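Residue-level listing of the chains:
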Amino acid sequence: MKAVVWHDIGDIRLDNVPEPKLKDPTDAIVRLTASAICGTDLHFVRGTMPGMKAGTILGHEGVGVVEEVGKNVRNLSPGDRVVIPSTIACGHCSYCRSGYQAQCDEANPNGREAGTAFYGGPANTGPFDGLQAEYARVPYANTGLVKLGEAVTDDEAILISDIFPTGYFGAEMAEIEPGDTVCVFGCGPVGMFAILSAQLMDAGRVLAVDCVPDRLAKARDRGAEVINFNEEDPVQAIKELTGGIGVDRAIDAVGVDAEPPTAGPAKAAADKLAQEFRLEVRKAAPNANPDADRSKGEWEPGQAPSQVLRWAVEGLAKAGTLSIIGVYPPTAMVFPIGQAMNKNLTMNMGNCHHRHYIPRLVEIVQAGRVRPTDVLTVEEELTDAISAYKQFDERKAGWMKVELDPAKSSRRVS
């Protein structure tokens, strides 16, 4: 079968690989009808999430049809249409039973202290082959897979596999109360769903910070008050828009590949931190190439890993809450802890417990309360995945969220 395979930093290929087989009684084999490219996948290709194992199939977002089930998968049958949660959970340990599936004690073969298990990730997450393929083996399918009704399309369901739950999780961790003013840093796909989720939780106002014009336009269309950090200082803008107080809640939907401003009034302060930022990149991602040039087709890591964390802490009101859903590797060590402590900030962070949220979000979409496909902008054949990765990495206009589908011809959907 065809699959997108990680070989090295900056080296991903569309390979022919063996089709997966059942290994355990709770496995299922799923024929993928939709997958997607996520910003987390770019961390692996850029080298800002270390520990990838050559030969690992990429991708952690999937929708498909059950082809085969193990003997202990008693709630699914071949032919069932399902969405695959990005994180893997056994369903029976104490963490899974409490709704903390991303901290499952059993799913990660590296042991209970190894952390979250998910598809297409580094060695310390399993590794498990991912979902940018024609078929996938799904462990713990009896508790993991979520059936889909006909009312939810593949285009909708692929967004419920990872980025909608992650955005919702981020808004929930931000402890949003009706009427709160919320700032979302990053207007990529997860950031857009954090904006949407904040609105579902009755936030009074949502501010959104980014520098990519079409992403800011999407956020404005969603009703967010946008701030372009290459045109104005985002912290000053936040204070101006909130009467000098700051926001009640902030959500970091960017992570380790944050970029500093390249123009505008915030550039001078970022320039003073340039050497610190460079050291952060070296420590967090020692094998990445900080001198790579994205405009030349090279895989460039973010140049300012702690930039969003600094802005978020500065932009929050006293006693506010910071929610971190942007991905940071264990090697990232920089955070403005002193400022956060002296403002009495609350911090919540972590990997999304996808299985906990997906059934509820399927119901929300099925009821027509939201249109998640507003975020989906490009659909490509699986065979065009490598070029799609490059377009997505370069943040080309119109490339907000890329769906991969081996069964359809390449087409733009908006």
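Residues numbered from 1 in each chain as written. Predicted model: local features only at pLDDT ≥ 70, side-chain atom pairs only at ≥ 80, totals over all residues. Heavy atoms only, no water.

Caption draft 1: Representation of the overall build of the protein within the structure. Along the backbone of the protein there are 14 helices and 17 strands. Its C-alpha atoms give the protein a radius of gyration of 20 Å, within 12% of the compact-globule value 22 Å for 414 residues. Considered along the principal axes of its C-alpha atoms, the protein spans approximately 60 × 45 × 45 Å. Within the span of the protein, comprising 414 residues, buried residues form 58% of the whole. About 16500 Å² of surface is accessible on the protein, with carbon and sulfur atoms providing 47% of the total. Positive and negative charge centroids in the protein, built from 42 and 56 side chains respectively, lie 2 Å apart. (Helix = DSSP H or I, 4+ residues; strand = E, 2+ residues; numbered from the N terminus. Rg over C-alpha atoms; globule rule 2.2 N^0.38 Å. Buried < 20%, exposed > 50% of the residue type's maximum accessible area, 1.4 Å probe, protein only. Areas by Shrake-Rupley, 256 points an atom, 1.4 Å probe, with all protein chains shown as cover. Lys, Arg positive; Asp, Glu negative; His and termini not counted. Charge placed at Lys NZ, Arg CZ, Asp CG, Glu CD.)

Caption draft 2: Layout of the confidence of the model for the protein. Overall, the prediction assigns the protein a mean pLDDT of 95, with 98% of residues at 70 or greater. Long-range and interchain partners of residues 409-414, a stretch whose pLDDT sits below 50, account for 19 contacts in this model, where long-range means more than four residues apart. (pLDDT = per-residue confidence, 0-100. Contact = heavy atoms within 4.5 Å.)

Caption draft 3: Region of interest: the nonpolar core. Grouped together as the largest cluster of nonpolar side chains are 50 residues, with contacts concentrated most on Ile-160, Phe-164, Ile-176, Val-184, Ile-195 and Ile-251. For this core, the elements supplying multiple residues, two or more each, are β3 (28-37), α4 (154-160), α5 (163-173), β9 (181-185), α6 (189-200), β10 (205-210), α7 (213-221) and α13 (354-366). When near neighbours in sequence (up to four residues on either side) are disregarded, Phe-164 contacts Leu-159, Phe-193, Leu-196, Ser-197, Leu-200, Leu-361, Val-365 and Val-370. Core analysis: the next-biggest nonpolar cluster, separate from the first, contains 24 residues, Leu-32, Ile-88, Cys-90 and Tyr-119 among them. (Core = buried A, V, L, I, M, F, W, Y, C linked by side-chain atoms within 4.5 Å.)

Caption draft 4: Inspection of the pairing of strand β14 (residues 346-349) at higher detail. Alignment of strand β13 (residues 316-324) against β14, held across four bridges, turns out to be parallel. What sits directly across from Leu-322, in β14, is Met-347. With respect to chirality, the unit in which β13 leads through helix α12 (residues 337-342) into the neighbouring parallel β14 is right-handed. (Pairing = 2+ DSSP bridges. Right-handed = clockwise from strand over helix to strand, strands pointing away.)

Caption draft 5: Fine view of α7. Residues of α7 that are buried: Arg-215, Leu-216 and Ala-219. Relative to the axis of α7, the buried residues are bounded by an arc of 100° and lie together on one face. Exposed and facing more than 90 degrees away from the buried side of α7 are Pro-213 and Asp-221. Looking one or two places after α7, you find Gly-223, whose phi comes out positive at around 105°. (Arc of directions from axis to C-beta.)

Caption draft 6: Expanded view of the packing of aromatic side chains. Within this structure, the stated rule accounts for five aromatic pairs. Arranged with centres 5.2 Å apart and planes meeting at 50°, the rings of Phe-229 and Trp-311 form a pair that is tilted. Linking Phe-229 in the loop between β11 (225-228) and α8 (234-241) with Trp-311 in helix α11 (residues 307-315), this pair joins segments that are 82 residues apart in sequence. Each member of the aromatic cluster is reached from another via a ring pair, and the members are Tyr-168, Phe-169 and Tyr-357. Taking the ring centre of Trp-299 as reference, the NZ or CZ of Lys-390 above it sits at 4.1 Å. (Phe/Tyr/Trp six-rings, centres within 6.5 Å; stacked < 30°, edge-to-face > 60°. Lys NZ or Arg CZ within 6 Å of the ring centre and 35° of its normal.)

Caption draft 7: The arrangement of the pairing of β10 in detail. Counting buried residues in β10 gives five out of six residues, a clear majority hidden from the surface. Bridge count between β9 and β10: five bridges; the pairing is parallel. By the bridge assignment, Phe-185 is partnered in β10 with Val-209. Handedness of the crossover joining β9 and β10 through α6: right-handed.

Caption draft 8: Broad picture of the pattern of salt bridges. Taken as a whole, this structure holds 24 salt bridges when the rule is applied. Between Glu-172 and Arg-360 there is a salt bridge; the shortest N-O distance is 3.8 Å. Here Glu-172 is found in helix α5, whereas its partner Arg-360 is found in helix α13, with 188 residues between them in sequence. With relative accessibility at 34%, the residue Glu-172 sits in the partly exposed group. With a relative accessible area of 31%, Arg-360 lands in the partly exposed category. Through salt bridges with shared partners, a single network forms among Arg-46, Asp-257, Glu-259, Arg-294, Glu-300 and Asp-393. (Salt bridge = Lys/Arg side-chain N within 4 Å of Asp/Glu carboxyl O.)

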